[in-house]
Amino acid sequence: MKRISIGVIALCLMASCVSKKKYVALEHENGEIKSQLTKTTVAKEELEAKFSEIQSRVDAYNNKINSLTEENDAQMVAVGDVAVISNDTKKSMRETLKHVDPAKLSEAKTLKDSMNLAVSYNLQKSLDNNALNEDEDIAIDINETVVMISISDKMLFNTASYRVSNKANDILQKLADIINSEPSIEVMVEGHTDSRSINTGAIKDNWDLSVLRATSVVRKLQDDYNVAPEKMIASGRSSYHPLVDNNSNENRAKNRRTRIVILPNINKFFALMGDIE
């Protein structure tokens, strides 16, 4: 009996040992499963975050596609090194170019050439409407989307003076009408002298004279002809930008001038003038 009892006890102990090993193994396996589950959960959350971010990008892209037509019309396009214009402006330019001389239009090879032609057409129309006619004392040149009007000093000033004379009233009124006709236009007034030196109590040198003449014209346009001051720039070039050599009285007279440079904002300009018949 004792032997049987000892055997039974031994079997029980062995069974207990086996069960404990299985338990430990199961605990270990359970721990690994939990660890893997935690990693999977973290990975799932990371994937969900990435998916959310991707979805946001997709939604933004779809919104952009939906508004593509409107954005494309307003998209800015570089025109050489001259300007940046929108596609709306390009459309207005095309309408304007329908009125341009076909012979001139056939010479336009690039978008820049076409823009110059369109701006020239519209600005020349403004000049014609305001009866600013060229003569020996006024020269008008349109190039690279700007208008340059050179006016002999004898039409604006007395000799060696920077005070605007009354004889300038007519030409300044016409200039003001052009400037005021288009809110998109800005104007730079440049004073130019000949090479002869000057030194008086009020004028130190040709730099002084050229700048004083420019500011006098700007003030006259502002005070007497209601040109908005924020549209104007006053500058002086002294004698350092001559049209011809200063080797005769006739040439020096050509170099003594005030140049009005009209600078249109291309997009605003065509928004205002693109429908001219």
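Here we look at the pairing of strand β7 (residues 257–264)
With seven of eight residues buried, β7 lies mostly within the body of the structure. Two elements, strand β4 (residues 146–152) and β7, share six bridges in a ladder whose sense is antiparallel. Bridge pairing in β7 places Ile 151 opposite Thr 258. Summarising the sheet, strand β5 (residues 185–192) and β7 pair through eight bridges and their orientation is antiparallel.

Side note on the environment of Trp 207
By the secondary structure assignment, Trp 207 is in helix α7 (residues 206–225). Taking the C-alpha atoms as reference, Trp 207 lies 8.4 Å from Thr 193; in sequence the two are 14 residues apart. Discounting residues that sit within four places of it in the chain, Trp 207 has contacts with Gly 236, Arg 237, Ser 238 and Tyr 240.

A look at the side chain of Arg 257
Structurally, the position occupied by Arg 257 is in strand β7. Of the side chains with opposite charge, Glu 190 comes closest to the buried, unpaired Arg 257, at an N-O distance of 6.1 Å. Within the structure, the side chain of Arg 257 is placed 3.0 Å from the backbone oxygen of Asn 255, a separation counted as a polar contact. In contact with Arg 257, other than residues within four places in its own chain, are Ser 150, Ile 151, Ser 152, Asp 153, Glu 190, Gly 191, His 192, His 241, Pro 242 and Leu 243.

Considering α7
For α7, spanning 20 residues, the distance from its first C-alpha to its last is 27 Å, which sits close to the expected 28 Å at 1.5 Å a residue. Where α7 is concerned, the buried positions are Asn 206, Leu 209, Ser 210, Arg 213, Ala 214, Ser 216, Val 217, Val 218, Lys 220, Leu 221 and Tyr 225. Looking at the buried side of α7, the elements it contacts are α6 (169–181), β5, β6 (232–236) and β7. Sitting at the head of α7, Asp 205 places a side-chain oxygen 3.1 Å from the backbone nitrogen of Trp 207. In the segment just after α7, Asn 226 is the residue with positive phi, at about 60 degrees.

Quick word on the side chain of Ser 161
Take Ser 161: it is sitting in the loop between β4 and α6. For Ser 161, the contacting residues outside a window of four places in its chain are Leu 209 and Arg 213.

Examining the packing of aromatic side chains
For the structure shown, the criterion picks out one aromatic pair. Aromatic side chains Trp 207 and Tyr 240 sit 5.5 Å apart centroid to centroid with 35 degrees between the ring planes, which places their arrangement in the tilted category. Of this pair, Trp 207 sits in helix α7 while Tyr 240 sits in the loop between β6 and α8 (249–255), placing them 33 residues apart in sequence. Overall, the relative accessible area of 43% leaves Trp 207 in the partly exposed class.

As for unusual backbone geometry
Of note in this structure, Asn 226 is not a glycine but carries a positive phi near 60 degrees. Summarising the element assignment, Asn 226 is placed in the loop between α7 and β6. We classify Asn 226 as exposed; its relative accessible area is 65%. Phi at Ser 238 is positive, roughly 55 degrees, even though this residue is not glycine. Here Ser 238 shows up in the loop between β6 and α8.

The rules behind each value
Residues numbered from 1 in each chain as written. Predicted model: local features only at pLDDT ≥ 70, side-chain atom pairs only at ≥ 80, totals over all residues. Heavy atoms only, no water. Buried < 20%, exposed > 50% of the residue type's maximum accessible area, 1.4 Å probe, protein only. Helix = DSSP H or I, 4+ residues; strand = E, 2+ residues; numbered from the N terminus. Pairing = 2+ DSSP bridges. Contact = heavy atoms within 4.5 Å. Lys, Arg positive; Asp, Glu negative; His and termini not counted. Salt bridge = Lys/Arg side-chain N within 4 Å of Asp/Glu carboxyl O. Polar contact = N/O pair within 3.5 Å; in protein donor to acceptor, adjacent residues only side chain to side chain. Expected span 1.5 Å × (residues − 1). Phe/Tyr/Trp six-rings, centres within 6.5 Å; stacked < 30°, edge-to-face > 60°.

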